[in-house]
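# Analysis of the macromolecular model
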Amino acid sequence: EAEVAQSPRYKITEKSQAVAFWCDPISGHATLYWYRQILGQGPELLVQFQDESVVDDSQLPKDRFSAERLKGVDSTLKIQPAELGDSAMYLCASSQGTFYEQYFGPGTRLTVT
Amino acid sequence: AQSVTQLDSQVPVFEEAPVELRCNYSSSVSVYLFWYVQYPNQGLQLLLKYLSGSTLVKGINGFEAEFNKSQTSFHLRKPSVHISDTAEYFCALFSGGYNKLIFGAGTRLAVHP
(Lines give C-alpha, C1' and ligand atoms only; values in the text may rest on other atoms or scores of the structure.)
Protein backbone atom coordinates (compact mmCIF):
# COMPACT_ATOMS: atom_id res chain seq x y z
CA GLU A 1 0.00 0.00 0.00
CA ALA A 2 1.36 3.41 -0.98
CA GLU A 3 2.32 5.68 1.90
CA VAL A 4 3.40 9.25 2.51
CA ALA A 5 7.08 9.35 3.43
CA GLN A 6 8.65 11.93 5.74
CA SER A 7 12.17 12.49 6.97
CA PRO A 8 13.70 12.85 9.40
CA ARG A 9 11.39 11.22 11.94
CA TYR A 10 13.01 13.11 14.81
CA LYS A 11 15.02 16.31 14.87
CA ILE A 12 16.64 18.15 17.74
CA THR A 13 18.00 21.60 17.01
CA GLU A 14 19.11 24.63 18.95
CA LYS A 15 17.13 27.84 18.75
CA SER A 16 18.22 30.23 16.01
CA GLN A 17 19.38 27.32 13.83
CA ALA A 18 17.81 26.38 10.51
CA VAL A 19 15.91 23.13 10.08
CA ALA A 20 14.25 21.43 7.12
CA PHE A 21 11.75 18.63 6.72
CA TRP A 22 11.06 16.56 3.63
CA CYS A 23 7.86 14.91 2.42
CA ASP A 24 7.22 12.53 -0.48
CA PRO A 25 3.47 12.16 -1.13
CA ILE A 26 1.66 9.17 -2.56
CA SER A 27 2.37 8.93 -6.27
CA GLY A 28 -0.20 10.77 -8.34
CA HIS A 29 -1.54 12.89 -5.48
CA ALA A 30 -1.82 16.46 -6.68
CA THR A 31 -2.57 18.04 -3.31
CA LEU A 32 0.00 18.18 -0.51
CA TYR A 33 -0.46 19.55 2.99
CA TRP A 34 1.85 20.48 5.85
CA TYR A 35 0.36 20.49 9.34
CA ARG A 36 1.79 21.46 12.72
CA GLN A 37 0.61 19.56 15.77
CA ILE A 38 1.53 21.04 19.13
CA LEU A 39 1.51 18.56 22.01
CA GLY A 40 -2.01 18.09 23.33
CA GLN A 41 -3.66 19.74 20.33
CA GLY A 42 -5.06 18.74 16.98
CA PRO A 43 -3.14 19.33 13.74
CA GLU A 44 -3.33 22.81 12.22
CA LEU A 45 -2.84 23.41 8.52
CA LEU A 46 0.27 25.44 7.71
CA VAL A 47 0.30 25.26 3.92
CA GLN A 48 -1.53 23.51 1.10
CA PHE A 49 -0.16 22.90 -2.41
CA GLN A 50 -2.03 22.05 -5.56
CA ASP A 51 0.68 20.63 -7.79
CA GLU A 52 3.51 23.17 -7.41
CA SER A 53 1.30 26.12 -6.47
CA VAL A 54 0.45 27.30 -2.96
CA VAL A 55 -3.32 27.51 -2.51
CA ASP A 56 -3.42 28.28 1.22
CA ASP A 57 -0.62 29.52 3.45
CA SER A 58 -2.70 31.75 5.67
CA GLN A 59 -1.44 30.11 8.88
CA LEU A 60 2.21 29.87 7.84
CA PRO A 61 4.49 32.22 9.86
CA LYS A 62 6.14 33.62 6.79
CA ASP A 63 8.84 35.54 8.63
CA ARG A 64 10.55 32.26 9.54
CA PHE A 65 8.77 29.42 7.70
CA SER A 66 8.97 28.60 4.01
CA ALA A 67 7.66 25.72 1.94
CA GLU A 68 8.22 24.64 -1.61
CA ARG A 69 7.12 21.93 -3.99
CA LEU A 70 9.18 22.80 -7.04
CA LYS A 71 8.24 19.96 -9.38
CA GLY A 72 4.84 19.29 -7.93
CA VAL A 73 5.95 16.05 -6.31
CA ASP A 74 7.98 16.09 -3.08
CA SER A 75 8.07 19.06 -0.76
CA THR A 76 10.33 20.74 1.78
CA LEU A 77 9.30 22.78 4.81
CA LYS A 78 11.99 25.03 6.30
CA ILE A 79 12.23 26.98 9.52
CA GLN A 80 14.88 29.67 9.92
CA PRO A 81 15.59 30.61 12.63
CA ALA A 82 13.96 28.01 14.86
CA GLU A 83 12.37 29.19 18.10
CA LEU A 84 11.51 27.25 21.26
CA GLY A 85 7.81 27.55 20.42
CA ASP A 86 8.35 25.65 17.17
CA SER A 87 8.73 22.37 19.07
CA ALA A 88 5.94 20.21 17.67
CA MET A 89 5.09 17.33 15.35
CA TYR A 90 5.11 18.34 11.68
CA LEU A 91 2.80 16.20 9.60
CA CYS A 92 2.62 15.91 5.85
CA ALA A 93 -0.46 14.63 4.06
CA SER A 94 -1.49 14.16 0.46
CA SER A 95 -4.69 13.62 -1.49
CA GLN A 96 -5.87 13.27 -5.05
CA GLY A 97 -7.48 16.68 -4.77
CA THR A 98 -8.93 19.16 -2.31
CA PHE A 99 -12.14 17.23 -1.78
CA TYR A 100 -10.58 13.81 -1.50
CA GLU A 101 -9.42 11.82 1.54
CA GLN A 102 -6.11 12.94 3.03
CA TYR A 103 -3.42 10.36 3.79
CA PHE A 104 -0.93 11.28 6.51
CA GLY A 105 2.74 10.51 6.85
CA PRO A 106 4.38 9.44 10.15
CA GLY A 107 5.46 12.98 10.97
CA THR A 108 8.68 14.67 12.07
CA ARG A 109 8.96 15.45 15.76
CA LEU A 110 10.95 18.65 16.21
CA THR A 111 12.49 19.63 19.53
CA VAL A 112 14.07 23.07 19.78
CA THR A 113 16.46 23.54 22.72
CA ALA B 1 -16.76 30.31 11.82
CA GLN B 2 -16.16 26.61 11.90
CA SER B 3 -14.99 24.66 14.93
CA VAL B 4 -14.79 21.18 16.39
CA THR B 5 -15.12 20.50 20.11
CA GLN B 6 -14.13 17.21 21.62
CA LEU B 7 -15.81 17.18 24.97
CA ASP B 8 -13.41 14.87 26.80
CA SER B 9 -9.65 15.28 26.81
CA GLN B 10 -9.14 11.83 28.36
CA VAL B 11 -11.34 8.75 28.58
CA PRO B 12 -10.19 5.83 30.75
CA VAL B 13 -12.00 2.53 30.23
CA PHE B 14 -11.51 -1.11 31.07
CA GLU B 15 -10.84 -3.69 28.40
CA GLU B 16 -13.99 -5.18 26.78
CA ALA B 17 -16.14 -2.28 28.03
CA PRO B 18 -18.03 -0.02 25.59
CA VAL B 19 -16.78 3.48 24.90
CA GLU B 20 -18.13 6.70 23.41
CA LEU B 21 -15.92 9.62 22.40
CA ARG B 22 -17.91 12.80 21.97
CA CYS B 23 -17.55 15.37 19.20
CA ASN B 24 -19.61 18.49 18.51
CA TYR B 25 -19.12 20.83 15.61
CA SER B 26 -20.11 24.29 14.53
CA SER B 27 -20.55 25.29 10.91
CA SER B 28 -22.85 27.51 8.89
CA VAL B 29 -22.58 25.29 5.82
CA SER B 30 -22.90 21.58 5.20
CA VAL B 31 -19.90 19.56 6.30
CA TYR B 32 -18.11 16.29 5.92
CA LEU B 33 -17.01 14.71 9.21
CA PHE B 34 -14.12 12.43 10.04
CA TRP B 35 -12.57 10.49 12.91
CA TYR B 36 -8.82 9.85 12.88
CA VAL B 37 -6.69 7.75 15.25
CA GLN B 38 -3.09 8.54 16.15
CA TYR B 39 -0.82 6.05 17.89
CA PRO B 40 2.24 7.40 19.75
CA ASN B 41 4.77 9.09 17.47
CA GLN B 42 2.83 8.18 14.35
CA GLY B 43 0.72 10.00 11.80
CA LEU B 44 -3.05 10.01 11.61
CA GLN B 45 -5.07 7.09 10.26
CA LEU B 46 -8.64 7.52 9.05
CA LEU B 47 -11.14 5.52 11.12
CA LEU B 48 -14.34 6.55 9.36
CA LYS B 49 -16.03 9.40 7.54
CA TYR B 50 -19.49 10.85 7.00
CA LEU B 51 -20.05 12.42 3.58
CA SER B 52 -23.79 11.94 3.03
CA GLY B 53 -26.51 9.32 3.22
CA SER B 54 -26.93 7.03 6.22
CA THR B 55 -26.20 8.81 9.47
CA LEU B 56 -24.68 5.69 11.01
CA VAL B 57 -21.19 5.20 9.67
CA LYS B 58 -19.08 2.09 10.24
CA GLY B 59 -15.30 2.23 10.16
CA ILE B 60 -12.24 0.14 10.74
CA ASN B 61 -11.36 -1.74 13.93
CA GLY B 62 -15.01 -2.09 14.96
CA PHE B 63 -15.67 1.62 15.41
CA GLU B 64 -18.83 3.41 14.32
CA ALA B 65 -20.15 6.95 14.54
CA GLU B 66 -23.52 8.62 14.21
CA PHE B 67 -24.08 11.96 12.52
CA ASN B 68 -26.75 14.03 14.28
CA LYS B 69 -27.46 17.23 12.39
CA SER B 70 -29.94 18.65 14.90
CA GLN B 71 -27.46 18.26 17.74
CA THR B 72 -24.43 19.02 15.54
CA SER B 73 -22.69 15.94 16.89
CA PHE B 74 -20.64 13.08 15.51
CA HIS B 75 -19.88 10.78 18.43
CA LEU B 76 -17.59 7.76 18.03
CA ARG B 77 -18.50 4.43 19.62
CA LYS B 78 -17.13 0.95 20.05
CA PRO B 79 -19.07 -1.80 21.86
CA SER B 80 -15.99 -3.56 23.27
CA VAL B 81 -12.52 -2.02 23.40
CA HIS B 82 -9.13 -3.72 23.39
CA ILE B 83 -5.82 -2.70 24.90
CA SER B 84 -4.62 -1.98 21.37
CA ASP B 85 -7.25 0.78 21.02
CA THR B 86 -5.23 2.96 23.39
CA ALA B 87 -4.43 6.03 21.30
CA GLU B 88 -5.38 9.65 20.59
CA TYR B 89 -8.58 10.16 18.62
CA PHE B 90 -9.33 13.27 16.58
CA CYS B 91 -12.62 14.46 15.19
CA ALA B 92 -12.39 16.72 12.12
CA LEU B 93 -14.68 18.56 9.75
CA PHE B 94 -14.31 19.69 6.16
CA SER B 95 -16.57 22.12 4.38
CA GLY B 96 -16.52 23.40 0.85
CA GLY B 97 -16.63 26.95 2.14
CA TYR B 98 -13.22 26.74 3.81
CA ASN B 99 -11.67 23.86 1.84
CA LYS B 100 -9.61 22.65 4.76
CA LEU B 101 -9.77 20.07 7.55
CA ILE B 102 -10.46 21.56 10.97
CA PHE B 103 -9.45 19.27 13.85
CA GLY B 104 -10.60 19.04 17.41
CA ALA B 105 -8.09 18.99 20.26
CA GLY B 106 -8.22 15.22 20.57
CA THR B 107 -9.37 12.65 23.12
CA ARG B 108 -6.88 10.30 24.69
CA LEU B 109 -8.44 6.85 25.09
CA ALA B 110 -6.68 4.74 27.72
CA VAL B 111 -7.78 1.11 27.87
CA HIS B 112 -6.85 -0.69 31.08
CA PRO B 113 -6.73 -4.46 31.64
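Let me begin by describing the structure that accompanies this report. These figures come from a predicted structure and were not determined experimentally. (Residues numbered from 1 in each chain as written. Chains lettered and ligands numbered in written order. Predicted model: local features only at pLDDT ≥ 70, side-chain atom pairs only at ≥ 80, totals over all residues. Heavy atoms only, no water.)

## What to know about the overall build of chain A
Condition: Runs of H or I in DSSP of at least four residues are treated as helices and runs of E of at least two as strands, each being numbered from the N terminus. In this treatment the radius of gyration is a C-alpha quantity, and the globule benchmark scales as 2.2 Å times the residue count to the 0.38 power. Summary of the burial criterion: residues with accessible area below 20% of their type's maximum are buried, those above 50% are exposed, and those between are partly exposed, where the area comes from a 1.4 Å probe applied to protein chains only. Two residues qualify as a contact provided that any one of their heavy atoms is within 4.5 Å of a heavy atom in the partner residue. Method for areas: the Shrake-Rupley scheme with a 1.4 Å probe, in which residue coverage is limited to the protein chains shown.
A count of helices and strands for chain A gives zero helices and eleven strands. Its C-alpha radius of gyration of 13 Å places chain A within 12% of the 13 Å reference for a compact globule of 113 residues. Considering only C-alpha atoms, chain A reaches an extent of 35 × 30 × 25 Å along its principal axes. A buried classification covers 46% of the 113 residues belonging to chain A. A sequence separation of at least 24 residues applies to 53% of the contacts in chain A between residues at least 6 apart. Carbon together with sulfur atoms contributes 48% to the accessible area of chain A, which is approximately 5600 Å² in total.

## Notes on the layout of surface pockets
Using the following cut-off: A 1.4 Å probe that fits into a set of points on a 1 Å grid over the protein atoms alone but cannot get out defines a cavity; an open set with protein on both sides within 12 Å along at least five of seven lines defines a pocket, and lining residues are those with an atom within 4 Å of a point. Grid points are joined across faces, edges and corners, and a volume is the space filled by probe spheres set on the points. Each residue gets one of three labels, nonpolar for Ala, Val, Leu, Ile, Met, Phe, Trp, Tyr, Cys and Pro, charged for Asp, Glu, Lys and Arg, and polar for the others, Gly among them.
The calculated volume of the largest pocket comes to roughly 490 Å³. Put simply, the parts of the chain that give the lining of the largest pocket at least two residues each are strand S10 (103–104) of chain A together with strand S5 (32–38) and strand S6 (44–50) of chain B. A total of four residues in the lining of the largest pocket trace back to one element, the largest contributor, which is S6 of chain B. Of the residues assigned to the lining of the largest pocket, the class counts are twelve nonpolar, six polar and three charged. In this structure, the second largest pocket spans a volume of roughly 340 Å³. Taken together, 18 residues make up the lining of the second largest pocket; nearest its centre are Leu-39 and Gly-40 of chain A together with Gln-38, Glu-88 and Arg-108 of chain B. If one sorts the elements of the lining of the second largest pocket by residue count, strand S10 (residues 87–94) of chain B sits on top with three residues. Here the residues of the lining of the second largest pocket are counted per class, giving eight nonpolar, seven polar and three charged.

## Focus: the pairing of strand S8 (residues 64–68) of chain B
Residues and elements named next belong to chain B. For clarity, the cut-off: Strand pairing requires that DSSP identify at least two bridges connecting the strands.
Only one face of S8 is covered, namely the one carrying Ala-65 and Phe-67; the face carrying Glu-64, Glu-66 and Asn-68 has none of its residues buried. Relative to S8, strand S7 (residues 56–58) runs antiparallel, the two being bridged by three bridges. Across the sheet, Lys-58 pairs through a bridge with Glu-64, a residue of S8. Remark: five residues form the turn of the hairpin made by S7 and S8, two consecutive strands paired antiparallel; Asn-61 in that turn has positive phi of roughly 60 degrees. As defined by bridge partners, S8 adjoins strand S9 (residues 73–78) across five bridges and the pair is classed as antiparallel. The residue bridging Ala-65 from the neighbouring strand is Leu-76, located in S9. Taking the residues that link successive antiparallel strands as the turn, the S8-S9 hairpin has four residues, and the phi of Thr-72 there is positive, at about 45 degrees.

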